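Spelled out, the chains give:
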Amino acid sequence: MVAEKGTISINTENIFPIIKKFLYSDHEIFLRELVSNAVDATQKIKKLSSIGQFEGELGDLKIKVSIDKEAKTITISDKGLGMTADEIKKYINQIAFSGAKEFVEKYKDETDKTQIIGQFGLGFYSAFMVAKEVEIITKSYQDAPAARWFSDGTTEFEISAAEKTERGTDIILHIAEDSEEFLEDSKLEGVLIKYGKFLPVEIEYNDKVINNPNPIWVKSPSELKDEDYIAFYKELYPYSEDPLFWIHLNVDYPFNLTGVLYFPKVKQDFQLNREKIQLYSRQVFITDDVKDIVPEFLQLLHGVIDSPDIPLNVSRSYLQADGNVKRINSHITKKVADKLAELFRDDRKAFEEKWESIGLFVKYGIISDDKFYDRAKDFILLKNTEGECFTIEEYKTKLEANQKDKDGTLVALYANDKDKQDAFISNAKKREFDVLVFDDVLDAHFINALESKNEKFTFKRVDADTFDKLIDKGLKSEVVLSEDEKKKVEEAFKEFAGTNIVQIEALPVDEIPVSIVMPEFMRRYADMSKVNGQGGMFGNMPVMYNLVVNGNHPIISKVAAEGNENGLVKQLYDLALLSQGMLNGNDLTQFIERSVEKLG
Ligand code: ADP
Ligand code: MG
């Protein structure tokens, strides 16, 4: 058989069932589209009136949405500019029909069903996602008879004269059987509030206005007080604690963007995704999935962004490449950094108090956005075990005097569990070393970022094996043990430590006799794979550690003399394990039993 090539022809006769199928997942947005059209028509008549092209009474401009359960209809009525019969033909038939055809052609092979309506001027036709028949009854503000348009979702339509005497448009949807859920009061009200909560024209449903036409983000910051911002926050997220602070966004060029972003109080655990940033376009709710518009780390913020310049009806991949989206992204990042810098400058004490929450954003920002570090470097805070805060520069200056290794690298010490590492912290303090606290989930990554951005600046956990050698404060002397004794001690501990390294160090007499330390790099990778939620190479790796024996401690001299004869070595070894939380199960039980016996 000879191969044959051809084009699949598309029959536009029954376009609407196809559109309906395509948009199935976004069914409810018919209401968003029709109510936005009503808002547009209302804004237009206001405009015409303000420029003197319409001289009649504007009257009550409320938009009304209502259900007729008997007739199974939903009606959206506006007092906007209306349409003449010719305008219906032009705006509803021609544009939309061609748009619908283009739509089907473009998307015949597509699987991406995300909101694609508006792009084709098909907003009005989304009505057919829920209605089997649609009527428009409209009277133009111009001196022309009222008109009625009717379509049953095929490309056939009918235009006739109508009775309507008042200016405006009624859209009547005869709801299809599979969409009757929208005839329920609570369902329709829910959808209406979701999309229309902040529409600029009053929307009436069941005799009450459901929207706030003047949300704060459209006002000028100069006319707003703190209370207004907090009240609006509560309006958005009724059950939340007050936000820490907020940023009012207001850009006209090169793109249009308004909004208010709030910094929430953040708890350590990431229970953050309940309250999301909401994206609006000219006060119409679009989505609370702002993944591609707001930098990832700022998705922890709350609030509202409104921009008519974000292409809302195109696919994800397109959005990411869009120039405006990129600019919006970096604008928001800059604004956030500026705001933080301002807070830091104006009231450092308050900034420090909020650092627990702010720090999470900043750290997340630094980790996920390389450029954010440069914006944030002057207000990143490092907190020590005493609760004192330092900027990076301040801290470097502090280390300069006291915590430098032989080639001039500044060595910062940190604890990630103040209680567990208490012994190490107090040892460090005895040497007049400062210890930072890094105890939140992002800190392992944060430390890496700090190191990679700063030359000759390194971090060691306070129980790491290396810092002691790096920063020699002259506290070390020669070990009092002889070479022979050293060997004996080493062997005695080796029996329990197995393949782990036993190192005998000359530490101050009053420091603990035996402790367990882990190489810094190994612990860090283990911490990071915990954050990433993956076992990974280090996650599954058996823990290797060094057993540090304080050769100058009197008990160790005793070990040199008698070995494990009286269970001394075992007891010391177990104590070291215990202080690292590594003594568990049966070993722990036995340790306790042995200890009790010794007391008796
Ligand atoms: P878009 O709103 O993107 O222009 P639509 O398909 O939603 O596309 O609407 C097409 C056109 O029909 C509108 O631009 C407007 O001219 C007209 N139209 C729709 N609804 C109304 C209405 N309620 N009042 C007046 N004109 C309307
Ligand atoms: Mg529209």
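Residues numbered from 1 in each chain as written. Chains lettered and ligands numbered in written order. Predicted model: local features only at pLDDT ≥ 70, side-chain atom pairs only at ≥ 80, totals over all residues. Heavy atoms only, no water.

(A) Quick peek at the environment of Pro200. Relative to the helices and strands, Pro200 is located in the loop between α4 (185–196) and β7 (203–205). Here the alpha-carbon distance between Pro200 and Val39, two residues 161 residues apart in the chain, equals 7.4 Å. When neighbours within four sequence positions are excluded, Pro200 is seen to be in contact with Val39, Gln43, Pro213, Arg282 and Gln283. (Helix = DSSP H or I, 4+ residues; strand = E, 2+ residues; numbered from the N terminus. Contact = heavy atoms within 4.5 Å.)

(B) Seen up close, the sheet that holds strand β17 (residues 435–437). In spatial order, the strands read β17-β16-β18; together these three strands make up an open sheet with parallel pairing. Edge positions in the open sheet fall to β17 and β18 (457–461), since each of these has one partner strand only. On average, each strand axis in the sheet is inclined to that of its neighbour by 40°, with strand direction left out of account. In terms of strand pairing, strand β16 (residues 410–415) meets β18 through five bridges, oriented parallel. Bridge pairing links Val411 to Thr458 in β18. In the packing of helix α11 (residues 392–402) onto the sheet, the strands contacted are β16, β17 and β18, and the crossing angle to β16 comes to about 110°. (Pairing = 2+ DSSP bridges. Axes fitted to C-alpha atoms, helices over the stretch in contact; angles between N-to-C directions.)

(C) Inspection of the confidence of the model for the chain at higher detail. The predicted model of the chain averages 85 in pLDDT, with 83% of residues at 70 or higher. In this model, residues 111–117 is a region of pLDDT below 50 whose contacts with residues beyond four sequence positions or in other chains number 24 contacts. (pLDDT = per-residue confidence, 0-100.)

(D) Unusual backbone geometry, seen in detail. Of note, the bond from Tyr253 into Pro254 is cis; its omega dihedral lies within 30 degrees of zero at 0°. With respect to the helices, strands and loops of the structure, Pro254 is situated in the loop between β9 (245–251) and β10 (257–263). Even without being glycine, Lys72 reaches a positive phi, approximately 55°. Its identity as a non-glycine residue notwithstanding, Asn206 has a phi of 45°, on the positive side. Along the polypeptide, Asn206 turns up in the loop between β7 and β8 (208–209). By relative accessible area, which is 48% here, Asn206 ends up partly exposed. (Buried < 20%, exposed > 50% of the residue type's maximum accessible area, 1.4 Å probe, protein only.)

(E) Layout of the nonpolar core. Of all hydrophobic cores here, the largest spans 60 residues; its most connected members are Phe263, Ile332, Leu340, Val362, Phe438 and Phe459. Counting contributing residues per domain, this core is built from domain 2 (216–344) and domain 3 (382–461), each supplying no fewer than three. With residues near it in sequence (within four places) discarded, Leu340 still touches Phe245, Phe263, Phe351, Ile358, Val362 and Phe379. Residues Phe30, Ile63, Ile136 and Leu224 belong to the second largest nonpolar core, which totals 56 residues. (Core = buried A, V, L, I, M, F, W, Y, C linked by side-chain atoms within 4.5 Å. Domains from an automatic or database assignment.)

(F) Representation of the environment of Arg282 within the structure. By secondary structure assignment, the location of Arg282 is in the loop between β11 (277–281) and β12 (284–287). Once you skip the residues sitting within four places of it in the chain, Arg282 turns out to touch Pro200, Asp306 and Pro308.

(G) Representation of helix α5 (residues 226–236). Among the residues of α5, Tyr229, Phe232, Tyr233 and Leu236 are the ones counted as buried. Across the axial projection of α5, the buried residues extend over an arc of 105°, all falling on one side. Where the residues of α5 are buried, they touch β9, β10, β11 and β13 (302–306). (Arc of directions from axis to C-beta.)

(H) Main features of a negative patch on the surface. A surface patch of negative charge is lined by Glu223, Asp226, Glu227 and Asp228. Structurally, Asp228 is set in helix α5. The class of Asp228 is partly exposed, set by a relative accessible area of 31%. (Patch = residues over 30% accessible without salt bridge, like charges linked within 9 Å, V, L, I, M, F, W, Y side chains within 5 Å. Areas by Shrake-Rupley, 256 points an atom, 1.4 Å probe, with all protein chains shown as cover. Salt bridge = Lys/Arg side-chain N within 4 Å of Asp/Glu carboxyl O. Lys, Arg positive; Asp, Glu negative; His and termini not counted. Charge placed at Lys NZ, Arg CZ, Asp CG, Glu CD.)

(I) Spotlight on the pairing of strand β1 (residues 63–68). Inspection of the sheet shows β1 paired to β7 by three bridges, in the parallel sense. In the sheet register, Val65 faces β7, and the bridge partner there is Tyr205. By the bridge criterion, five bridges tie β1 to strand β2 (residues 73–78) in an arrangement that is antiparallel. Across the sheet, residue Lys64 finds its bridge partner in β2, namely Ser77. What sits between β1 and β2 in their antiparallel hairpin is a turn of four residues, with Lys72 showing a positive phi close to 55°.

(J) Region of the structure containing the packing of aromatic side chains. Under the criterion given, the structure shown has 29 aromatic pairs. Ring pairs connect the aromatic residues Tyr195, Phe198, Trp217, Phe232, Tyr280 and Phe285, which therefore count as one cluster. (Phe/Tyr/Trp six-rings, centres within 6.5 Å; stacked < 30°, edge-to-face > 60°.)

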